[in-house]
Amino acid sequence: MKRIILFFALLFGLSLQISADESVDTLSADAAAADTVVRRTFFQRLGDYYRGTNRRPRRFDVVVLPGPHYSSTMGFGIGAAATGLYSCDPSDPTLPRSNAALKGGFTSKGQIKAIIDGTNIFPRERYRMDYRIAFCTFPTQFWGIGTASCRIDANETDYRLNYIDAQGRFLFRLAPKLYAGPYVRYRYMVARNVETFPEDSPAPGISLWQGQQLRQRGLTAGLSLTCDTRDNMLGATRGFFFRLDQTFTPAATAGGRGFATTQFEIDGYRRLWRGAVLAAQLCTELNYGKPAWCMLAQIDGTKRMRGYYEGRYRDKHCIDAQIELRQHIRKRHGVTAWIGGAEYFSRADALRWRNVLPDGGFGYRWQCRPGMNIRIDYGFTRHGGTLLFNIAEAF
């Protein structure tokens, strides 16, 4: 209930701050001049900044979003996200705009993270580069390996996860909107300060790792195929996106635990009525071999299956889907609602409808740049609800 109250408080605060758009447009010249004499508060300056973001795109547009937050596991935190939009060839108005994002922050309980990601579209769309580099250390929970173990609340085990995850694709155009090229990824992860329990405890503690090493690394390489007809990578209203990755992680680069992975994603977007967009997504990850505990298919919780605790469910394979209705309301305001589901499984014959994890929720959208929104979502899951705050659509 406290999270729901906080959600509506954020909506109310944003509405009050942005409602000044109409009054700003009607200020007289004398009033505007007088306003420069009056010392403006921090919040007034912040409001002026965000009111001025919804303008004609410049050569390089940057949106900075401060993000104070609180959770029982991470404590009070201060973070920020900066997203930039740019064109590699400003003289070509048909070239899709590239994007880059920098996210970082820390919390009172010791979380420190820094993430850089983006997509670069080269002139004449001859090449495309996708990249993501993440450095993070934070306290989190582990419920085990395999869906059967992850469903048991008593398996919750505290530990600290330190990781480096760097990945990139460099794609060559095969045909209009169709690309293919190499994909590489390096992961280093270690679990520290693992919580242990007495032998007679119903929670097995460190035995949840099934004898695997708590320190894992892996170098992955493969091929990626992408087809992208979206009108906007960060907030599409029409078109579709398709990606197929086939990768291999040799045992020599992964501590003897070699495996292969097939990842598939398809997103579709369609306009329904005035201001309404229907978006749908289907994703699959299949692992063959012996992936380590930290390289299994696992629940995301921020973009896919929003609201679930990140890493709560993990297994060799997963299938997840979601469908979302996005409705523009007025000026820079909009709302959204979605439903979805996922299943994590070790073998194809283990698929069961009763094992599907349900997901759904609603959210508020505020346009911080033409074609890019700040999103506030509240996701409902099998284990309760969670409030999410981010830049750009989930997919």
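Quantities reported herein were computed from a predicted structural model and do not represent experimental measurements.

Enquirer: Looking at this structure, how should I read the overall build of the protein chain?
Expert: If you tally the helices and strands in the protein chain, you get five helices and 19 strands. Relative to its full complement of 395 residues, the protein chain shows a buried share of 45%. Put simply, of all contacts in the protein chain between residues at least 6 apart along the chain, 58% involve residues at least 24 apart. Counting every atom, the protein chain has about 20,300 Å² of accessible surface; 62% of that belongs to carbon and sulfur.

Enquirer: How do you make sense of the nonpolar core when you look at a structure like this?
Expert: Generally speaking, nonpolar side chains in soluble globular proteins are found buried as a group. Counting residues in hydrophobic clusters, the biggest one holds 20 residues, and the most contacted among them are F142, Y159, L161, Y163, W209 and W293. Among the secondary structure elements, those contributing two or more residues to this core are strand 6 (127-142), strand 7 (157-175) and strand 8 (178-192). Looking at this core element by element, the count peaks at four residues for strand 6. Ignoring anything within four residues of it in the chain, the contact list for W293 reads F142, I145, Y159, L161, A191, W209, Q212, Q213, L214, Q216 and R314. If you look at the next biggest cluster of nonpolar residues, it comprises 13 residues, including A81, Y364, W366 and I374.

Enquirer: Could you clarify how one ought to interpret the pattern of salt bridges in this entry?
Expert: Opposite charge on two side chains allows them to pair when their charged atoms are near. As enumerated under the stated definition, the model contains 19 salt bridges in all. R365 serves as the salt-bridge partner of D377, at 2.8 Å between the closest nitrogen and oxygen. One end of the pair, D377, is in strand 18 (residues 372-381); the other, R365, is in strand 17 (residues 357-369), and 12 residues separate them in sequence. Both residues of the pair, D377 and R365, count as buried. With a closest N to O distance of 3.0 Å, R365 and E393 form a salt bridge. Of this pair, R365 sits in strand 17 while E393 sits in the segment after strand 19 (384-391), placing them 28 residues apart in sequence. Given the relative accessible area of 4%, R365 is considered buried. Taken together, the salt bridges that share partners define one network made up of R306, E324, R326, R365, R375, D377 and E393.

Enquirer: When you look at the environment of T119 in this model, what are you seeing that I'm missing?
Expert: Note on placement: T119 falls in strand 5 (residues 112-121). Taking relative accessible area as the criterion, T119 reaches 11% and is therefore assigned buried. Note: C-alpha distance between T119 and A100 (19 residues apart in sequence) is 6.5 Å. Setting aside anything within four residues of it in sequence, one finds T119 in contact with Y86, S98, N99, R128, M129, D130, Y131 and M233.

Enquirer: I would appreciate a short explanation of the side chain of D165 in the present structure.
Expert: Looking at where D165 falls in the secondary structure, it is placed in strand 7. Given the relative accessible area of 5%, D165 is considered buried. Separated by 2.7 Å, the side chains of D165 and R185 make a polar contact. Contacts of D165, omitting those with residues within four sequence positions, involve R132, I133, A134, R185, Y186 and R187.

Basis of the calculations
Residues numbered from 1 in each chain as written. Predicted model: local features only at pLDDT ≥ 70, side-chain atom pairs only at ≥ 80, totals over all residues. Heavy atoms only, no water. Helix = DSSP H or I, 4+ residues; strand = E, 2+ residues; numbered from the N terminus. Buried < 20%, exposed > 50% of the residue type's maximum accessible area, 1.4 Å probe, protein only. Contact = heavy atoms within 4.5 Å. Areas by Shrake-Rupley, 256 points an atom, 1.4 Å probe, with all protein chains shown as cover. Core = buried A, V, L, I, M, F, W, Y, C linked by side-chain atoms within 4.5 Å. Salt bridge = Lys/Arg side-chain N within 4 Å of Asp/Glu carboxyl O. Polar contact = N/O pair within 3.5 Å; in protein donor to acceptor, adjacent residues only side chain to side chain.

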